[in-house]
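# A closer look at the structure
Next come the chains, spelled out residue by residue.
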Amino acid sequence: MTKTLAINQMSTNNQVIEDHQKNGIKEKIRSYFRDRKQKIHTVIYFVILGALLGYFIYSKIMMFIDPVPTEVVDYSIYDWYIIPYVYIIDYIKHAWNTLSLAFMLSGIIYEFIPKSVVKKRLGGGKFYHYILAAALAPIFITCSCSVIPIYVGILASGASLGVAMTFFLMAPAANFITILMTGEYIGWNLGLWRLGGSFIAAVVSGIIFDRLRISKELRKQFDNNITHDSNESSKVKRLIIDKSIHERVEIAYKFSWDLLKTVLPRLLIGLVIVSFLIAYIPDEWIANYFTGFLGIVIGALLGGPLYTPTLVEIVVTKSLIFKGMDKAAALAFMMGQPYDFVSMVPNSKYFKWRGVLVYTLVFFITSILIAVIYSLIYRIPL
Amino acid sequence: MKELTIIIGGGLDTYCINCRKTKDIVKKVIETKYLDLQVNYEHINVSRPESIKKYGHMHPPCIIIDDTIVHEGSIPTESMVEKILNHFLDD
């Protein structure tokens, strides 16, 4: 009896050892293939990135050497159910390169630029902090649940509320996708003016807001909630794992892909709506209301309340320009984006309604001013 | 059977979509590679004052194990989660 038991036990032991050995070999094979897969993925990623960049540069050079005039297309000749289809196909034909490049680059910026850069540089209330906040805003493309932590981070590093406001005003206007798409789809001229105008307006808003008493009150409130002794903060340990290039590429690629999945449905819906507007809005309306000084004011008025997801707004603007809107009015329209009604609600929590009023007025006035300057420089009749 | 408490940090009071993805990846790695690990998952809102007092400022989605911030700022890949867990299991 005992002998059999012993023999059974021995065989189980042997079995256990064999299993471990097999697992060892299986594990090695699996990890070998996983490493190969990772390396192949990284290479593919860079090849695609290179190809997109190459084509981008190539097409820019070709446009420079041999510019192709924009063809005028009248969409109302199609049946109504064909219009969105044709419009979207046209859009994809023009924008596929820039769009893919923009998404890939957002992933790269997300992963390869350390987020701690903001924490170190924004404390205090000096002038250059506002400029820095506005300049750094493009780096911070994040999910919507990160907005509060970013706000906390900026304040925790010692920055004033005005600096935070400048940051939040620049972020939608200056995020990477917006810049690239505006430049590509509407024109780099208008794109850069829009960027410059938003920059100025954002910095001015921040500075003005800081002069108000409410800014200091909010700051005090924040400091009271979040006092932490230096003892406690030294207790927090951080584990820094070395991230291999493959892991970083994987994170960048997944971020780009997630962004695409979020943005694309809204973009398509926006395009469908825009296609109908383009086909059916009579040209006389555009000529009457969207040109000259009246056009500038109406553009600035509309740009705010009309909530459009960023990429859609670019398409709307392009289409309106197409139908005869003045470039200056388009500039005023695009600059109105920060004061849309939807973002006013969360912003009122961070900056109170007084803050919202400040930046709305500043942006409104700046849009009109900059658009007027633009028309004077480019000889657009007012 | 080793026990571990893994805290996922996000910007909201509940799991936002990025935190959920982070938790899923951690769960997947544990269930395939570290079967004899007993894990407790918790969630904190990193923008709340209590969290800031305790951990300082963090960029979500982040992972905290054993009072140490092991990852922050992005959804980790499986290989990164493995490296982190190996670090805690070897100590």
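Above this text you will find the structure in question.
First, a word on what this report is: a plain description of the structure on this page. (Residues numbered from 1 in each chain as written. Chains lettered and ligands numbered in written order. Predicted model: local features only at pLDDT ≥ 70, side-chain atom pairs only at ≥ 80, totals over all residues. Heavy atoms only, no water.)

## Quick notes on the interface of chain B and chain A
Quick reminder of the rule: In this analysis, two residues are considered to be in contact whenever any of their non-hydrogen atoms come within 4.5 Å of each other. Accessible area that two parts lose when put together, with a 1.4 Å probe and added across both, is what the buried area reports. Every case where a carboxyl oxygen of Asp or Glu lies within 4 Å of a side-chain nitrogen of Lys or Arg is listed as a salt bridge. Whenever a nitrogen or oxygen atom comes within 3.5 Å of another N or O atom, the pair is scored as a polar contact, on the condition that within protein one atom can donate a hydrogen and the other can accept it, and that pairs from neighbouring residues in sequence are kept only if both atoms are in side chains. Secondary structure elements are defined from DSSP: runs of H or I of at least 4 residues count as helices, runs of E of at least 2 residues count as strands, and each element is numbered from the N terminus. For this classification, Asp, Glu, Lys and Arg are treated as charged, while Ala, Val, Leu, Ile, Met, Phe, Trp, Tyr, Cys and Pro are nonpolar and the rest, including Gly, are polar. Here, any two strands with at least 2 DSSP bridges between them count as paired.
The partner chain A presents 34 residues to the 35 residues of chain B that form the contact. When the two sides are added together, the surface that chain B and chain A hide from each other amounts to roughly 3,000 Å², 60% of it contributed by carbon and sulfur. Contact with chain A buries surface across chain B, with Lys53, His57 and His59 of chain B losing the most and accounting together for 21% of the total. Applying the counting criterion to the chain B and chain A interface returns two salt bridges. Glu247 of chain A is the partner of Lys83 of chain B in a salt bridge, and the nearest nitrogen-oxygen pair spans 3.4 Å. Taken together, the connections running from chain B to chain A amount to five residue pairs in polar contact (both at pLDDT 80 or more). Residue assignment for the side of chain B that touches chain A shows that the elements contributing at least two residues are α1 (17–33), α2 (49–55), β4 (68–71) and α3 (78–90) of chain B. If one sorts the elements of the side of chain B that touches chain A by residue count, α3 of chain B sits on top with seven residues. Classifying every residue of the side of chain B that touches chain A by side-chain character gives 14 nonpolar, 12 polar and nine charged. Pairing between strand β1 (residues 237–238) of chain A and β4 of chain B: two bridges, direction parallel. Residue pairing in the sheet places Arg238 of chain A in a bridge with Ile69 of chain B of β4 of chain B.

## Here's the deal with the packing of aromatic side chains
Residues and elements named next belong to chain A. Formally: Pairing of aromatic rings covers Phe, Tyr and Trp, the last through its six-membered ring, and needs centres within 6.5 Å; plane angles under 30 degrees mean stacked, over 60 mean edge-to-face, and all others mean tilted. Using a 1.4 Å probe on the protein chains alone, a residue whose accessible area is under 20% of its type maximum counts as buried, one over 50% counts as exposed, and one in between counts as partly exposed. Charges are assigned to positions over rings by a cutoff of 6 Å between ring centre and Lys NZ or Arg CZ, combined with an angular limit of 35 degrees from the ring normal.
Across all of its chains, the model carries 17 aromatic pairs over all chains by this definition. Both rings, one in Tyr91 and one in Tyr185, keep their centres 5.2 Å apart while their planes meet at 70°; by these two values the pair is edge-to-face. Taken together, the residues Tyr91 in helix α2 (residues 83–112) and Tyr185 in helix α7 (residues 176–186) connect sequence positions 94 residues apart. On the accessibility criterion, Tyr185 (12% relative accessible area) is buried. An aromatic cluster is built from Tyr151, Phe167, Phe168, Phe209, Tyr350 and Phe351, whose rings are joined through pairwise contacts. The ring of Phe56 carries Lys60 above its face, with NZ or CZ at 5.1 Å from the centroid. Sitting above the plane of the Tyr185 ring, Lys318 keeps its charged end 4.7 Å from the centroid.

## Topic: the nonpolar core
Put simply, the test is: For the purposes of this section, nonpolar cores are sets of buried Ala, Val, Leu, Ile, Met, Phe, Trp, Tyr and Cys residues that join through side-chain atoms within 4.5 Å.
If you look at the biggest cluster of nonpolar residues, it comprises 99 residues, and the most contacted ones within it are Tyr91, Tyr151, Met181, Leu190, Met325 and Phe351 of chain A. Sorting elements by how many residues they give to this core places α2 of chain A first, with 14 residues. Among the nonpolar cores identified, the runner-up in size contains 18 residues, and Ile241 of chain A together with Ile84, Leu85 and Phe88 of chain B belong to it.

## Details of the state of the cysteines
Put simply, the rule is: Defined by distance alone, a disulfide is two cysteine sulfur atoms within 2.5 Å.
In total, this model carries zero disulfides over all chains according to the counting rule given. Not part of a disulfide, Cys19 of chain B finds its nearest cysteine sulfur in Cys16 of chain B, a span of 3.4 Å.

## What about the sheet that holds strand β2 (residues 37–45) of chain B?
Rules: Between N-to-C directions, angles cover 0 to 180 degrees, with each direction set by a line fitted to C-alpha atoms, over the stretch in contact for helices.
The sheet built from five strands is open, its strands ordered β1(A)-β4(B)-β3(B)-β1(B)-β2(B) with mixed pairing. Taken across any chain shown, the strands that pair with only one partner, and hence form the sheet edges, are β1 of chain A together with β2 of chain B. In this sheet, β4 of chain B lies alongside strand β3 (residues 62–65) of chain B in antiparallel orientation, the contact comprising three bridges. Counted as the bridge partner of Ile64 of chain B is Ile69 of chain B from β4 of chain B. Strand contacts of α3 of chain B: β1 (2–10), β2, β3 and β4 of chain B, with the helix running at about 150° to β4 of chain B, the strand carrying the most contacts.

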